[in-house]
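# Descriptive analysis of the structure
Letter by letter, the chains look like this.
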Amino acid sequence: MDASQNLGPVILLGPPGAGKGTQAKRISEQYGIPQISTGDILRDNVQRGTELGVQAKAIMGRGELVPDVLVCDMVACRLRDADCARGFILDGFPRTATQAGWLDAFFESELFDNSSAGKRLPIVIRIDVDYNQLVKRLTGRRTCLANGHIYNVYFQPPRVEGICDVDGSPLIIRNDDREEVIRKRLLEYDLQTKPVAEYYEHKGRLASVNGDLDIGEVTGQIFWVVEHRDGNCL
Ligand code: AP5
């Protein structure tokens, strides 16, 4: 698979702290397709004080999910951008059964309609990680303020404490990475997002990787899945 091919959609599923953002950045670099993180887009809206951000701020602070209609509209807007034409990585979407149904309908109705390479079925990858490991990863996470580079004080520390290796900007702790909110987010995942994985499993589209391994080993498993996908043009 080289960077000029039409990869189509890659969907990363997994609980908070599974490594979706970390792995999405690596897939993006390897295959030259954009990472679309609904959490990052929402946080950007919160920071800029947009109407969407005002609606989402308190919900995210409690560790609950933002209403489907708001998130689906936001994703539709982003997927119509030109840089998504060859493919994209969805990080944190879909997260409810409603979002998954909406996405299938969106793929059917408008996505890649004009692509000479034909429509591509999504590659759906779930990253599985042990519960206690997730809590440790989230409490130890630090994020670069300028560009979202991800670190961890336990597993992937920056060279200089509190400073991003890549761009020198300060590292921050996300507002929802407090332990009581983390537990609520993990509960929401069990209730609302696990059924999404089952939805793709029933369609025979789900691949799982062992996310308990080192970051590089998880990346290796994901690249393998991408490279060995079936030739599934619609
Ligand atoms: P979002 O930003 O999507 O957060 P999340 O799903 O909770 O996932 P995280 O970003 O916390 O974790 P991750 O899996 O990306 O892990 P990471 O790579 O950072 O959503 C936030 C909120 O926005 C939601 O609660 C909700 O309110 C709202 N929202 C977003 N999308 C929505 C939607 N579709 N519908 C409704 N609401 C929505 O890694 C975590 C840490 O672990 C890092 O420190 C990293 O360095 C470390 N790490 C990663 N991999 C490894 C490894 N293999 N070994 C050791 N450490 C590792």
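A short tour of the structure in this document, coming up. Position numbers for residues count from 1 along each chain, tracking the sequence in the order it is written. A pLDDT threshold of at least 70 governs which residues receive local features in this predicted model, and a stricter bar of 80 or more applies before side-chain atom pairs are shown or counted, although totals over entire chains, interfaces and linings include all residues. To get the side-chain values, take all heavy atoms of the structure and skip hydrogens and water.

What follows deals with the site of the ligand. Within the structure, the ligand sits among 37 residues, and Thr-22, Glu-64, Arg-95, Arg-141 and Arg-185 are positioned closest to it. Pairs of N or O atoms within 3.5 Å make up the polar contacts considered here, provided that, within protein, one atom can donate a hydrogen while the other can accept it, and that residues adjacent in sequence are counted only when both atoms are side-chain atoms. One nitrogen or oxygen atom from the main chain of Gly-92 is found 2.9 Å from a nitrogen atom belonging to the ligand. Between an oxygen atom of the ligand and a side-chain N or O atom of Arg-174, the distance comes to 3.0 Å. We get accessible surface area from the Shrake-Rupley algorithm with a probe of 1.4 Å; when it comes to residues, only the shown protein chains can shield them. Contact with the protein chains covers 97% of the free accessible surface of the ligand, which is 1100 Å². Note on conventions: DSSP H or I runs of at least 4 residues are helices, E runs of at least 2 residues are strands, and numbering of each starts at the N terminus. Contributing elements (two or more residues each) for the shell around the ligand: helix H1 (20-31), helix H2 (38-48), helix H6 (131-140), strand E6 (150-152) and helix H8 (215-227). By residue number, the principal contributor to the shell around the ligand is H2, which donates 4 residues. Residues are labelled near a given molecule or strand when at least one of their non-hydrogen atoms is within 4 Å of it.

By definition here, a salt bridge exists when the distance from a side-chain nitrogen of Lys or Arg to a carboxyl oxygen of Asp or Glu is within 4 Å. Enumeration over the complete set of coordinates arrives at 17 salt bridges. The partner of Asp-165 in a salt bridge is Arg-159, with the nearest N and O atoms 3.9 Å apart. The buried label goes to any residue with under 20% of its type's maximum accessible area, the exposed label to any with over 50%, and the partly exposed label to all in between, with areas taken from a 1.4 Å probe on protein chains only. Judged by relative accessible area, which is 28%, Asp-165 ranks as partly exposed. Here Lys-194 makes a salt bridge to Asp-190, at a shortest N to O gap of 3.1 Å.

In this section: the sheet that holds strand E4 (residues 123-128). Two strands make a pair as long as DSSP finds a minimum of two bridges between them. Overall, parallel pairing links the 5 strands, which are arranged E2-E3-E1-E4-E8 in an open sheet. Only two strands of the sheet have a single partner each, and these edge strands are strand E2 (35-37) and strand E8 (206-210). The mean inter-strand angle of the sheet, taken between neighbouring strand axes irrespective of direction, is 25 degrees. For strand E1 (residues 8-13) and strand E3 (residues 87-91), the ladder comprises 5 bridges, and the chain directions are parallel. Across the sheet, residue Gly-8 finds its bridge partner in E3, namely Gly-87. Sheet contacts for H2: E2 and E3; angle to E2, the most-contacted strand, approximately 60 degrees. Here the axes come from fitting lines to C-alpha atoms, over the contacting stretch only for helices, and the angles between their N-to-C directions go from 0 to 180 degrees. In what follows, residue pairs with any heavy atoms lying within 4.5 Å of each other are defined as contacts.

With that settled, the discussion passes to the nonpolar core. What we call a nonpolar core is a set of buried Ala, Val, Leu, Ile, Met, Phe, Trp, Tyr and Cys residues that are connected through their side-chain atoms within 4.5 Å. Grouped together as the largest cluster of nonpolar side chains are 28 residues, with contacts concentrated most on Leu-13, Leu-79, Leu-90, Leu-103 and Tyr-200. Breaking this core down by element, the ones donating at least two residues are E1, helix H3 (51-61), helix H4 (68-79), E3, helix H5 (97-109) and helix H7 (179-202). Per-element accounting of this core gives the leading share, 6 residues, to H4. Listed in part, the 25 residues of the second largest apolar core include Ile-27, Leu-134, Val-135 and Ile-222.

Running from N to C, H2 and H3 cross one another at 110 degrees; their axes reach a closest spacing of 8 Å. As the angle between them shows, H2 and H3 are arranged roughly perpendicular. Judged by the twist between their axes, the crossing of H2 over H3 is left-handed. Note on element contacts: H3 touches H2 through Leu-52, Gly-53, Ala-56, Lys-57 and Met-60, opposite Gly-39, Leu-42, Arg-43, Asn-45 and Val-46. Charged residues are taken to be Asp, Glu, Lys and Arg, nonpolar residues to be Ala, Val, Leu, Ile, Met, Phe, Trp, Tyr, Cys and Pro, and polar residues to be all remaining types, Gly included. Considered class by class, the residues forming the contact of H2 with H3 number 5 nonpolar, 3 polar and 2 charged. Orientation labels follow simple angle bins: below 35 degrees gives roughly parallel, above 145 gives roughly antiparallel, 65 to 115 gives roughly perpendicular, and whatever is left gives oblique. Each crossing gets its handedness from the near helix: less than a right angle anticlockwise from the far helix is left-handed, clockwise is right-handed.

Everything listed here is a matter of coordinates, which is why it stays silent on function.
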